[in-house]
Structure formats: C-alpha cells, structure tokens
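Breakdown of the fold
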Amino acid sequence: RKDVGHISVGSKGFNDLIAGGIETQAITEVFGEFGSGKSQISHELAVTVQLPEELGGLDGDCVFVDTENTFRPERIKQIANGFELDLEDVLQRIHVARAFNSSHQILMVDKINELIQNGTNVKLVIVDSLMAHFRAEYVGRESLAVRQQKLNQHLHSLQQIANTYNVAVFITNQVQAKPDSFFGSPTKAIGGHVLGHASTYRIWLKKGLAGKRIARLVDSPHLPEGECVFKITNEGIVD
Ligand code: ATP
C-alpha cells in the first residue's frame, strides 16, 4: 500500500501501540463496554485529522456518521481548545451525518462518496456506532444471516472508500463487560465474526483504575499484540 497516512489519537503510548496512529486505507475498530471511551476517541480523531502532518494530522476533513446521537459539539470545543484551534473552523470540517436506521446508514456511504467527489478533502470517516441499528433491527437467530450480509456489504463499501481515496475508517462497537458474553474471547465479540474479518485493526478498550483506560491491540496483520494506558481529560485523550 502506498502513501499510507496516520492520524494521532492524542496519546503517545496509544499512537505507539498502533504504529503512529490510525491508518488510512484501513478500517480500525474499537470495541468495549459502555463508557470505555469509544466516542471520546472518535471526537478526538475528528479534531486531530485536521491538524497538519507534523502535528499528527492529515490536514483533512472528517465525516462523523452518528447513529446514537453521540456527537457533541461542546466536546469538540474542549478538544479544539486544547490544540488552540478555532472552533468554527474545526466544526466546519466535521461533516456530521445522522443515520436513523441501518438502511439509512448504508446509504450514507454513497453520500460520503459524493462529498469526496465534489472536492471535500475527507481523510477520516467515523461510524459511531457501527452495530447499534443492525442489532436493534435484526433480532433473533433467524435474522442473523441477513444482518451479517448487510453488515458485510456496509463494511465493504467503507473499505472501498478507504482504499479509493486514501481515507481512514474508524468504527466503534459496543460489547458487554461480562467475559461470557464475548462467546469465549474478545475477538469474537458480538458481530465479531463479520468484523473480525473486515477490520484491519481491532482495539479492545477497558476501564482501568482511577479513571484510566486500557487499549489492547488484539488483531493486526503486521503489528504485535500489546496494551497501553491512556486517560480521557477535558482536552481529550492523553497518556
Ligand atoms: P457507549 O458505548 O455508552 O457509547 P463509549 O465507549 O462511547 O460508551 P464514551 O462516551 O467514549 O464511552 O466515554 C464516556 C466516558 O468518558 C465518561 O464516562 C467519562 O468517564 C469520560 N469523559 C467524558 N468526557 C470527559 C471529560 N471532559 N473529561 C474526562 N473524562 C471524560
């Protein structure tokens, strides 16, 4: 792969874990229980992608596909302040797309293609959360096959955007805290089968002591497994 870019997640330890930040031409999935920091990292990346390369960004815009109403401009403000960026500029470069159901979410990818073809320099697509609508709409064992097929299709078109336009795709996936609901292993988390094959990088987020968080890289084509500790602060993600 040529010209792969990286977007800083704010913390040095976290960036080191994933060889410099989240990659373009790849899908990075973070999964973890509620409050583990999935949306916080999404907000951080929506800002850092806009930074110049020497500061860990790609001088690009972000598309934030919001499925659960988690996008908070106030939070962007705090993070932008930490980088001494102008809030209005930063918000202008975050294209928030609310997806009302899974079909809408799938169609959104066409809109992202259009946006890019119309000249917007998108370098990051966030889907927070990938699975919420699919899980709510396809319940029961009998609908599992259809759900996985739709999800596969969705992930495939996201991967296509990543490859075609040298964009990073970042998806979040909520999983339960209890180990037995992982069906034995965190890599087989809900939706894990589909996601396990579709995402290039998988990062498991856990809550640690005293407000700390742990990120564990569990699946990567060429990087070793490993962990790092990070914190969520007013200014965003830090070591
Ligand atoms: P869910 O699956 O419920 O969406 P999530 O993994 O997306 O959960 P986040 O919303 O990313 O969780 O994380 C929420 C947590 O982030 C809060 O519980 C809080 O501990 C922490 N947090 C949020 N804002 C701040 C802040 N300004 N300063 C410090 N910590 C914060």
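Bear in mind that the values here come from a model prediction, so they are computed numbers and not experimental data. Every chain is numbered independently, its residues counted from 1 as its sequence is written. Given that the model is predicted, a residue must reach a pLDDT of at least 70 before its local features are reported, and side-chain atom pairs must reach 80 or more before they are shown or counted; all residues, however, enter totals for whole chains, interfaces and linings.

Now for the overall build of the chain. Secondary structure assignment for the chain yields eight helices and eleven strands. Relative to the globule expectation of 18 Å for 239 residues, the C-alpha radius of gyration of the chain, 17 Å, shows essentially globular dimensions. By principal-axis analysis of the C-alpha atoms, the chain measures approximately 50 × 45 × 35 Å. Backbone-placed C-beta atoms define the burial measure: a residue is buried with 20 or more other C-beta atoms within 10 Å of its own, exposed with 12 or fewer, and partly exposed in between. By the burial criterion, 44% of the 239 residues in the chain qualify as buried. Contact definition: two residues whose C-beta atoms, as placed from backbone geometry, lie within 7 Å. For the chain, contacts bridging at least 24 residues in sequence account for 69% of all contacts bridging at least 6. The way it works is that DSSP assigns letters per residue, a run of H or I at least four long becomes a helix, a run of E at least two long becomes a strand, and they are numbered from the N terminus. Computation of the radius of gyration draws on C-alpha atoms alone. For the globule rule, the value is 2.2 Å times the number of residues to the power 0.38.

Let us now look at the site of the ligand. We call a residue near a molecule or strand when the C-beta position, derived from backbone atoms, sits within 6 Å of it. Around the ligand there are 13 residues in total, and Phe 34, Lys 38, Ser 39, Gln 40 and Ile 232 lie nearest to it. Elements that contribute at least two residues to the shell around the ligand include exactly helix H2 (38–48) and strand S10 (226–233). The residue classification treats Ala, Val, Leu, Ile, Met, Phe, Trp, Tyr, Cys and Pro as nonpolar and Asp, Glu, Lys and Arg as charged. All others, Gly included, are polar. Looking at the shell around the ligand, its residues break down into two nonpolar, ten polar and one charged.

Two strands qualify as a pair provided DSSP detects at least 2 bridges between them. The nine strands are arranged S5-S4-S6-S7-S3-S8-S9-S10-S11 in an open sheet whose pairing can be described as mixed. The two strands at the open ends of the sheet, each matched to only one other strand, are strand S5 (94–98) and strand S11 (236–238). Strand-to-strand, the axes of this sheet are offset by a mean angle of 25 degrees, without reference to chain direction. Note on geometry: axes are lines fitted to C-alpha atoms, helical ones only across the stretch in contact, with angles between N-to-C directions running from 0 to 180 degrees. In this fold helix H7 (residues 144–165) packs onto strand S3 (26–32), strand S6 (122–128) and strand S7 (168–174), with an angle of close to 130 degrees to the strand it touches most, S3.

Further remarks concern the UniProt feature "domain: RecA family profile" (unreviewed entry) in the chain. UniProt positions are given in the numbering used here, feature names are shortened, and annotations may be inferred rather than shown by experiment. Under the UniProt annotation, "domain: RecA family profile" (unreviewed entry) lies at residues 3–175 and 180–239. Structurally, residues 3–175 is divided into 45% helix and 21% strand, and its ends, taken at the C-alpha atoms, are 33 Å apart.

By our criterion, buried Ala, Val, Leu, Ile, Met, Phe, Trp, Tyr and Cys residues that link up through C-beta atoms within 7 Å make up a nonpolar core. The biggest cluster of nonpolar side chains holds 60 residues, and the ones touching the most others in it are Leu 45, Leu 124, Val 125, Ile 126 and Val 169. Ignoring sequence-local partners within four residues, the contact set of Val 169 consists of Ile 27, Val 125, Leu 158, Ile 161 and Ala 162.

It is worth spelling out the environment of Ser 42 at this point. If you trace the backbone, Ser 42 turns up in helix H2. The buried category is assigned to Ser 42, around which 25 C-beta atoms lie within 10 Å. As a C-alpha pair, Ser 42 and Ile 126 span 84 residues in sequence and 6.8 Å in three-dimensional space.

What follows concerns the packing of helix H5 (residues 102–117) against H7. Where H5 meets H7, the axes come as close as 10 Å, and the angle between the chain directions of the two elements is 15 degrees. On the basis of their axis angle, the class for H5 and H7 is roughly parallel. Crossing angle aside, the handedness with which H5 passes H7 is left-handed. Between H5 and H7, the residues in contact are Ser 102, Gln 105, Ile 106, Val 109, Ile 112, Asn 113 and Ile 116 and Lys 150, Gln 153, His 154, Ser 157, Leu 158, Ile 161 and Tyr 165, respectively. Throughout this description, any angle smaller than 35 degrees is read as roughly parallel, any larger than 145 degrees as roughly antiparallel, any in the 65 to 115 degree range as roughly perpendicular, and the remainder as oblique. By convention, the crossing between two helices is left-handed when the near helix turns anticlockwise from the far helix through less than a right angle, and right-handed when the turn is clockwise.

On to the pairing of S3, then. Of all the seven residues making up S3, seven are buried; the element is thus mostly covered by neighbouring parts of the structure. Going residue by residue along S3, you find Ala 26, Thr 28, Val 30 and Gly 32 tucked away on one face and Ile 27, Glu 29 and Phe 31 tucked away on the opposite face as well. Note that S3 and S7 share seven bridges and pair parallel. The residue bridging Gly 32 from the neighbouring strand is Gln 174, located in S7.

Within this numbering scheme, the UniProt entry marks Gly 32, Glu 33, Phe 34, Gly 35, Ser 36, Gly 37, Lys 38 and Ser 39 as carrying the feature "binding site: ATP" (unreviewed entry). Note that Gly 32 resides in strand S3. Setting aside residues no more than four positions away along its own chain, Gly 32 makes contact with Lys 38, Val 175, Trp 204, Leu 205 and Lys 206. Examined against the element boundaries, Gly 35 turns out to sit in the loop between S3 and H2.

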